[in-house]
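# Observations on chain architecture
What follows is the residue order along each chain.
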Amino acid sequence: MGSLPAADKQLPALRYPPARRDDDIVDDYHGVTVPDPYRWMEELESEEVKGFVDAQAAVAEAVLSTCDDHRVRLRGQLTALFDHRRYRAPFKRAGSYFYLHNPGLQPHSALYVQHGLGGGEEPDVLLDPNTFSDDATVSLAMFGVSHDGEHLAYGTSASGSDWVTIRVMRVRDRRHLHDEICWVKFSAIAWTRDGKGFFYSRFPAPKNDGAPLGAGIKTSVNLNHEVYYHFLGTDQSEDLLCWEDPDHPKYIYTPEVSEDGKYVILSVAETSEPVNKLYYYDLSALPDGLEGMKGNHGNAMLPFVKLVDEFEAYYALIANDDTQFTFLTNKNAPKYKLSRIDVNEPHSWMDILPEDEKAVLESACAVHGDKLLVNYLSDVKYVLQMRSLVTGELLHDIPIDIGSVNGISGRRDNSEVFIEFASFLTPGIIYRCDVSKETPEMNIYREISVGGFDRTDFEAKQVFYPSKDGTKIPMFIVSKKSIVLDGSHPTLLYGYGGFGMNMTPHFSVTRIVLMRNLGFVSCIANIRGGGEYGEDWHKAGSLANKQNCFDDFIAAGEFLVSAGYTNPSRLCVEGASNGGLLVAACINQRPDLFGCALAHVGVMDMLRFHKFTIGRAWTCDFGCSEKEEEFHWLIKYSPLHNVRRPWEKGHRRQQYPSTMLLTADHDDRVVPSHTLKFLATMQHVLCTSVKESPQTNPIVARIDRKSGHGCGRSTQKIIDEAADRYAFAAKMMGISWID
């Protein structure tokens, strides 16, 4: 069996709160009737839902109270290891350097400014998000500094919401202007070079809703994105509407101003698929600048030129020299390439850096005139190179360790570049590189040190294992050194597998504590659906191929058992968002393989996800139940619709693993109703509807308050949640603490 019986865990007899089932709610999908008895849980502000949440919180706390020994120790160790200085790579504007820094246990990193890196000038706090709210639930969601370094525009988010409010500060004296911009979502802050204002994107304010952004959760579908230009020192009502398209209400717009300040480029997306349309406008064509358009509200949008007007491929601006534009694209190149076009000649596309046969071109950054720092991903390992922006030819290889390049900060008007690096056993290094030299050197600018962590105690390696169809899947395995493969080790298996997102090596304080103090082996499976091998790898785990993701993840668990790392009773699976869906689908399909499951903010109702907030954008990866063929894909694996009693088809005592579902009351990305409906369904099917049910392993939910999908959480919230979920896993799998 994949789980320990509850009696061995000394748990209280669990009494799950009753959840009303409305058997009158039945949908007809292309002739197939599907009941939805917990539809009422989609009304998240209703008193009935709030009562259900409170009752489930009490159940979860009753279980967690039995884990207090582990919980207290985990919280103590996590707090000790989190108490270290953390930095992000600086970026430069007009002689000043800006960067994020947390000295240790502050709830949020603050934004610092330093005028020159030479002697004398000390860094100073420019903006401290820890002052935004008394309880640290308001966070810094985005920011942008003007080209002249004079002004900072920044967006705040309350309770982890995707909704953002933008404000403006003068850098030299920290004085806030009166500017306040609301109802911003999925936006950038794109300053014009003159520093007079910036482009941003927003949705219309929700109808009949004058409530402030932090009041409750807004789950209505987001439609009719718009692009505006905001003039410094003015009211939002005076902002210039630059683009809208009521004929295409699902389009999402991201504005960007070219480094030379001449052009505004508009990326147009409809879903999360890596394809976009590409529009541009020559700002120098305005005789009186953008200011000359004031007062033309709604009647004089910018006349963007539609350079690419089909959703055929992905395009990201790398650089331009007047009308010559260089883009990163997957046009006829699933592993990506660099292409150039003269926008005055729309058919002049030519490849500058062709697609590599084996490695994925992750990013390219134009620096120091005509140089390019390009970043490849080869077998989930990064390769950094210096190339010519003009010809694409290789100038230098830049050696780096096995790990992740998390950011490159540099511009064409400067030879100074900062490169941010981390790995499983390297907390973080920021390199400073002068690319004007014939052979650039990677000099350590800052190195992050974690007190009490000794990397020589651990080892990280990569293995390749076969999936169900024989495809070789890469997986990273991190553990204490020289463990004996006797099948005894508690093991944490993490996965995502969606939207072309890569799971690359990164440092985790939490992982270190689990390995050091609970003896865990930590694994990340690079399953299909991600982008580790380009768009072909992504497409092999999406739409009709989504089952490959689950097969790959299940095969990872089987490999870890067969190779002697662990056994099913000590194998814990974890994932978040699309990874929460992954975990839920896999415990439905193979409940015998796992001892514990941690599913964060998962997409659990695959038939209705597109009806809330931005869920409609995910149909590119999942499909949509409104289309008959796609409905039949979805109903086969939708977690909500595939909870089955394993004892009815196998061993009479077989059951689901101990399961913790995690969500948050302000998650407006994957709304909490996904988790609540799945939780109620699991408890009903496996427990409350069965006399003397074999399901004695607990099924609980941790529902965080004043939090969202995961972004913007305070350090304390991160520590508390990690202590709760891993104390639960340790208790359920019978793991002892190691001092």
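Parameters at a glance
- Residues numbered from 1 in each chain as written.
- Predicted model: local features only at pLDDT ≥ 70, side-chain atom pairs only at ≥ 80, totals over all residues.
- Heavy atoms only, no water.
- Helix = DSSP H or I, 4+ residues; strand = E, 2+ residues; numbered from the N terminus.
- Buried < 20%, exposed > 50% of the residue type's maximum accessible area, 1.4 Å probe, protein only.
- Pairing = 2+ DSSP bridges.
- Axes fitted to C-alpha atoms, helices over the stretch in contact; angles between N-to-C directions.
- Contact = heavy atoms within 4.5 Å.
- Salt bridge = Lys/Arg side-chain N within 4 Å of Asp/Glu carboxyl O.
- Parallel < 35°, antiparallel > 145°, perpendicular 65-115°, else oblique.
- Left-handed = near helix turned anticlockwise from the far one by under 90°.
- Nonpolar A, V, L, I, M, F, W, Y, C, P; charged D, E, K, R; others polar.
- Core = buried A, V, L, I, M, F, W, Y, C linked by side-chain atoms within 4.5 Å.
- Domains from an automatic or database assignment.
- Expected span 1.5 Å × (residues − 1).
- Arc of directions from axis to C-beta.
- Phe/Tyr/Trp six-rings, centres within 6.5 Å; stacked < 30°, edge-to-face > 60°.
- Lys NZ or Arg CZ within 6 Å of the ring centre and 35° of its normal.
- Buried area = accessible area lost by both parts, 1.4 Å probe.
- Polar contact = N/O pair within 3.5 Å; in protein donor to acceptor, adjacent residues only side chain to side chain.
- Right-handed = clockwise from strand over helix to strand, strands pointing away.

## Let's talk about unusual backbone geometry
Phi is mostly negative for residues that are not glycine, and the peptide bonds are mostly trans. Positive phi outside glycine occurs at serine 577, with the angle close to 65°. With respect to the secondary-structure elements, serine 577 resides in the loop between β36 (571–576) and α6 (578–589). For serine 577, a relative accessible area of 16% gives the class buried.

## A look at the sheet that holds strand β37 (residues 596–600)
By way of backbone hydrogen bonds, the strands of a sheet pair with one another, either parallel or antiparallel. Within the open sheet, the 8 strands sit side by side as β32-β33-β35-β34-β36-β37-β38-β39. Their pairing is mixed. Both edges of this open sheet fall to β32 (458–466) and β39 (699–704), since each of them pairs with a single strand only. Pairwise comparison of adjacent strand axes, ignoring direction, gives a mean angle of 20° for this sheet. As paired strands, β32 and strand β33 (residues 472–480) are joined by 9 bridges and run antiparallel to one another. Following the sheet pairing, phenylalanine 458 is matched in β33 by lysine 480. Here helix α9 (residues 673–688) sits on the sheet in contact with β38 (658–664) and β39, set at roughly 160° to β39.

## Section: the pattern of salt bridges
Counted according to the given criterion, the structure contains 42 salt bridges. One salt bridge in this structure joins arginine 608 and glutamate 42, with 2.8 Å as the shortest N-O distance. You can see arginine 608 sitting in the loop between β37 and α7 (619–622) and its partner glutamate 42 sitting in the loop between β2 (32–35) and α1 (47–64), a full 566 residues away along the chain. Neither arginine 608 nor glutamate 42 differs from the other in exposure class; each is buried. For the salt bridge of aspartate 322 with lysine 262, the shortest nitrogen-to-oxygen distance reads 2.7 Å. In this pair, aspartate 322 is assigned in the loop between β20 (315–321) and β21 (324–329) and lysine 262 in the loop between β16 (252–257) and β17 (263–269), connecting sequence segments 60 residues apart. Take aspartate 322: its relative accessible area is 41%, and that puts it in the partly exposed class. Overlapping salt bridges bring together Asp27, Asp36, Arg39, Glu42, Asp605, Arg608 and Lys677 as one network.

## Looking at the packing of helix α2 (residues 68–82) against helix α3 (residues 509–518)
For the pair α2 and α3, interaxial distance at closest approach is 10 Å and the crossing angle is 130°. One way to sum up the angle between α2 and α3 is to call them oblique. As α2 runs across α3, the sense of the crossing is right-handed. Facing His70, Leu74, Gln77, Leu78, Leu81 and Phe82 of α2, the residues of α3 in contact are Val509, Thr510, Ile512, Val513, Leu514, Arg516, Asn517 and Leu518. Of the residues that constitute the contact of α2 with α3, the class distribution is 9 nonpolar, 4 polar and 1 charged.

## Observations regarding the nonpolar core
Membership of the largest hydrophobic core comes to 128 residues, with the highest contact counts inside it found for Met475, Leu493 and Phe622. A total of 9 residues in this core trace back to one element, the largest contributor, which is helix α10 (residues 715–732). A domain split of this core shows at least three residues from each of domain 1 (132–272 + 277–310) and domain 2 (487–733). Discounting residues that sit within four places of it in the chain, leucine 493 has contacts with Met475, Cys523, Ala525, Phe553, Ala556, Gly557, Leu560, Leu571, Cys572, Val573 and Glu574.

## With respect to α2
Helical periodicity: at 3.6 residues per turn, an α-helix aligns residues three or four positions apart in one direction. End to end, α2 covers 20 Å across 15 residues, agreeing with the expected 21 Å (1.5 Å per residue, within 8%). Where α2 is concerned, the buried positions are His70, Arg71, Leu74, Leu78, Leu81 and Phe82. End-on view of α2: buried residues confined to an arc of 105°, all on one side of the axis. The exposed set on the far side of α2, more than 90 degrees from its buried face, consists of Asp69 and Val72.

## Let's talk about helix α8 (residues 628–637)
Within the span of α8, buried status applies to Glu630, Phe631, Trp633, Leu634 and Tyr637. Buried residues of α8, seen end-on, are gathered within an arc of 160° and therefore sit on one face of the element. What points out from α8, more than 90 degrees from its buried face, is the exposed set Glu629 and Lys636. Elements that come into contact with the buried residues of α8 comprise β1 (26–29), β2, α5 (547–562), α6 and α7.

## Section: the sheet that holds β21
In spatial order, the strands read β20-β21-β22-β23; together these 4 strands make up an open sheet with antiparallel pairing. With partners counted over all chains shown, the strands left at the sheet margins are β20 and β23 (350–353), one partner each. Sheet twist, expressed as the average angle between the axes of neighbouring strands with direction ignored, equals 35°. With 3 bridges connecting them, strand β22 (residues 337–342) and β23 associate as antiparallel partners. Bridge pairing in β23 places leucine 338 opposite leucine 353.

## Examining the packing of aromatic side chains
Counting across every chain of the model gives 39 aromatic pairs. Seen from their ring centres, tryptophan 40 and phenylalanine 52 are 6.3 Å apart, and the 85° between their planes marks the pair as edge-to-face. In this pair, tryptophan 40 sits in the loop between β2 and α1 while phenylalanine 52 sits in helix α1, placing the two residues 12 residues apart along the sequence. Each member of the pair tryptophan 40 and phenylalanine 52 is classed as buried. Among the aromatic residues, ring-to-ring pairing joins Tyr263, Tyr280, Tyr315, Phe325, Phe327 and Trp349 into one connected group. Sitting above the plane of the phenylalanine 231 ring, lysine 294 keeps its charged end 4.4 Å from the centroid.

## Examining the domain arrangement of the protein
With domains assigned, the protein is organised as domain 1 (132–272 + 277–310) and domain 2 (487–733). On the side of domain 2, 26 residues touch domain 1, which itself brings 25 residues to the contact. At the boundary of domain 1 with domain 2, total buried surface from both sides reaches about 1,900 Å², with 52% on carbon and sulfur atoms. The largest share of the area that domain 1 buries against domain 2 comes from Ser159, Ile217 and Ser272, three residues that together contribute 26% of it. At the boundary of domain 1 with domain 2, the tally comes to 2 salt bridges. For aspartate 135, the salt bridge identified is with lysine 706, shortest N-O distance 2.7 Å. The interface formed by domain 1 and domain 2 includes 12 residue pairs in polar contact (both at pLDDT 80 or more).

## A closer look at the pairing of β38
Sheet faces and side chains relate simply in a regular strand, where the side chains alternate between the two faces. The buried fraction of β38 is high, at 7 of 7 residues. On β38, burial covers both faces: Ser658, Met660, Leu662 and Ala664 on one face and Thr659, Leu661 and Thr663 on the other are all buried. Here β37 runs beside β38; their pairing, made up of 5 bridges, is parallel. Counterpart to cysteine 596 in the pairing with β38 is serine 658. Taken together, the 6 bridges between β38 and β39 define a ladder with parallel strand orientation. By the bridge assignment for β39, threonine 663 is matched with isoleucine 703. Between the parallel elements β38 and β39, the chain passes through α9 in a crossover that is right-handed.

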